[in-house]
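# Breakdown of the fold
Below, each chain spelled out in residue letters.
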Amino acid sequence: MQRALKGEWLDKYNEIDSERIENTIVLTAYNANIDVISRVEDLNLEISEVNPKLHEKINTKAQLEQALKYCMENEENHEIDKGSLEYEPEGDARIGGQAGIVANLLSRIGSKPIFYTPLLSEELTSVLDNEVSYPKTGKNRIIEEKVNECANSTRTKKNLIFEFQSGRTGRLILSDTLKGFGPYFNSDLEDNISELDAKIDCGFLSGFHNVTGNKESKIKKSERQLKAIESPLHLEFAYKGKEIAELMLDFIVPEVDSIGVDENEIHKILEIKDIEASEDLDLVEGFEKCSQLLEKLNISRIHFHGFSYHLIVAEEGYSLESSKIRDSMLLGEMTAIQEAETGKIPSKRTLEKFDSQDENLSLKGIEQLSKFEEVHDIEKFGSKGFAEIEGKKVAAIPILIHQDPEKTVGMGDIISATTFTSENS
C-alpha cells in the first residue's frame, strides 16, 4: 500500500505544470540582505567539547560554538542577533532576507516581482536580478524601475548562516541589524498605495521581526498602510522574541489573508495564544491547531511546514478549491527541492527538467496522510491529499527530502511564495 502511494505521489510531482505562475505580478516586501553561508563541518570550530547553550546575542566565538551545539543536539533552527562577534567565516555570499530571496526566485521562474525595501544599497542591488523592479513615484503616480537603478542608501545588512546536518538538516542564523529599518513604504508610496495595489495580483510580506527603534510605532505605521491594500497578502512569519511576535500578531496578522510558519514558529504562536500542543505535531494535530489559529487570528489561510509533511488549512470560503491548493503546494515543494539540489535559485528551465525519481530524492510523510484519512474517515485522502472537513479546506502533501543538499536555508520562503503565487496566478 505504502509503495503504491509513493508511486502516485511521485507521479503527481512530475505532472505539475511549472508554467502556471508565469507573468503573475507579486509585491515582495520588506526585508533583504546579503547572506554569508557556511557549512559547519568546513569551519575551524570546537563544538564537540562545549556545553550547549543559546544566547540572546552572540558576541564571542565561544558563544557561537555553544549555540551551534544546542541547535545540533536539539535539531532546531534559530536566528540570533550577531552582537559584537568579530569572527568572519569563509562562505558563499548571496541574496538573503525573505523578500529579497523571493524577488529573485519569482523573476527566474517566470513571475514579475515588484520588490520593495526602504533602504536599498548598491551592494544589495548587486545580488538582485536585473529583471526585478522597484516601485517609485514620478509625476504623482507609481512607476517601476529596474532595481539596480534605484539605490538610495549606503547601508547593507549582512547575516552569517551556519548550516549543519544532525538528524535533520538545520541552521543557525546570526542576524545583523540595519539601523533605522522599518517594514513600511515611504510617504510618497503611501500616498499612492491604491495604485500600487492595482498593479499586483498578490503580495508576499516579511521582515517585521527585523524592525529597529520604536518597534510599536513602526509596526502600527505598517498596519495603517496594509489596511489600504485589497490584493491577497501572505505574511511569512519569523520569530525573533516574544515582544515583536506579539506586535505582529496584534497589528500585522489581522491585515493579511495568510501566514506561513514552520515547526518552531507555530509553537511560539500557539504558546502566545495559550493553545496547548504536542512537541511534535503530526498531521492530525497539525490540522487541529491550524484550525484553531485560523479562528484566533481571524485569517483565511495557514501554510504549515512540518518536518515530514506540509499542510494548508483554509476557511471554507477561501477562493481556491482544495485540489488546486494541493497542486500549488506540490509546485512550491518541487521548486524548493531544485534549489536544494543545486544550491542556486532555480530557473524555468530547471523546473521543466525536474524528475521526482532522482536517486538523491526520497519521499517522507505518506503515513501521516494515511493516518489522517483513517482518523477523519476521508476516502482516499492518503492518495489525494485534499478534502473539506469541519468547515475548513485542507490540503497536505508528503515532502521530498534531498539526501545531500547543496543548500537548506530559505526553503520555507521559496515553498510559501511559490505556493501562494500559484494560488493567485
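It should be noted that the structure appears before, not after, this text.
The structure displayed is predicted, hence computed values, not measured ones.

## Focus on the overall build of the chain
Along its length, the chain carries 15 helices and 17 strands. Taking 22 Å as the expected radius of gyration for a compact globule of 425 residues, we find that the chain reaches 21 Å, a close match to that expectation. Principal-axis analysis of the C-alpha atoms gives the chain an extent of 60 × 55 × 45 Å. For the chain, the proportion of contacts with a sequence separation of at least 24, taken over those separated by at least 6, is 74%. Total accessible area computed for the chain in this model is approximately 18000 Å², and 39% of it derives from carbon and sulfur atoms. Across the chain, the centroid of the 50 positively charged side chains sits 4 Å from that of the 80 negatively charged ones.

## Notes on empty space enclosed by the protein
In the structure shown here, the tally under the stated rule is two cavities of 30 Å³ or more. The calculated volume of the largest cavity comes to roughly 80 Å³. What lines the largest cavity is simply Tyr30, Asn31, Ala32, Asn33, Thr117, Leu119, Lys157, Asp176, Thr177, Leu178, Phe181 and Asn210. Taken together, the residues that form the lining of the largest cavity break down as five nonpolar, five polar and two charged.

## With respect to the pairing of strand S17 (residues 392-402)
By the criterion of burial, S17 is predominantly enclosed, with ten of the eleven residues buried. Of the strand pairs in this sheet, strand S14 (residues 309-315) and S17 are connected by seven bridges, and their pairing is antiparallel. Note on S17: the bridge partner recorded for valine 313 is valine 394. Pairing analysis gives four bridges linking strand S15 (residues 361-364) to S17, with the strands arranged antiparallel. Paired with lysine 364 across the strands is isoleucine 399, a residue of S17. Where strand S16 (residues 386-389) lies against S17, four bridges are found, and the strand directions are antiparallel. Considered in S17, the bridge of isoleucine 389 is made with lysine 392. The antiparallel pairing of S16 with S17 creates a hairpin that spans two residues between the two strands, and glutamate 390 there sits at a positive phi of about 50 degrees.

## A short note on the side chain of glutamate 190
Along the chain, the position of glutamate 190 falls in helix H5 (residues 187-191). Here the side chain of glutamate 190 touches glutamine 225 through a polar contact of 3.3 Å, side chain to side chain.

## Some details on the environment of methionine 334
For methionine 334, the location among the structural elements is in helix H11 (residues 322-342). Remark: the alpha-carbon pair of methionine 334 and glutamine 368, spanning 34 residues in sequence, is separated by 19 Å. Setting aside residues up to four positions removed in sequence, methionine 334 forms contacts with Tyr13, Ser18, Leu351 and Phe354.

Conventions we followed
Residues numbered from 1 in each chain as written. Predicted model: local features only at pLDDT ≥ 70, side-chain atom pairs only at ≥ 80, totals over all residues. Heavy atoms only, no water. Helix = DSSP H or I, 4+ residues; strand = E, 2+ residues; numbered from the N terminus. Rg over C-alpha atoms; globule rule 2.2 N^0.38 Å. Contact = heavy atoms within 4.5 Å. Areas by Shrake-Rupley, 256 points an atom, 1.4 Å probe, with all protein chains shown as cover. Lys, Arg positive; Asp, Glu negative; His and termini not counted. Charge placed at Lys NZ, Arg CZ, Asp CG, Glu CD. 1 Å grid on protein atoms, 1.4 Å probe; cavity = no way out; pocket = protein on both sides within 12 Å on 5 of 7 lines; lining within 4 Å. Points joined across faces, edges and corners; volume = space filled by probe spheres on them. Nonpolar A, V, L, I, M, F, W, Y, C, P; charged D, E, K, R; others polar. Buried < 20%, exposed > 50% of the residue type's maximum accessible area, 1.4 Å probe, protein only. Pairing = 2+ DSSP bridges. Polar contact = N/O pair within 3.5 Å; in protein donor to acceptor, adjacent residues only side chain to side chain.

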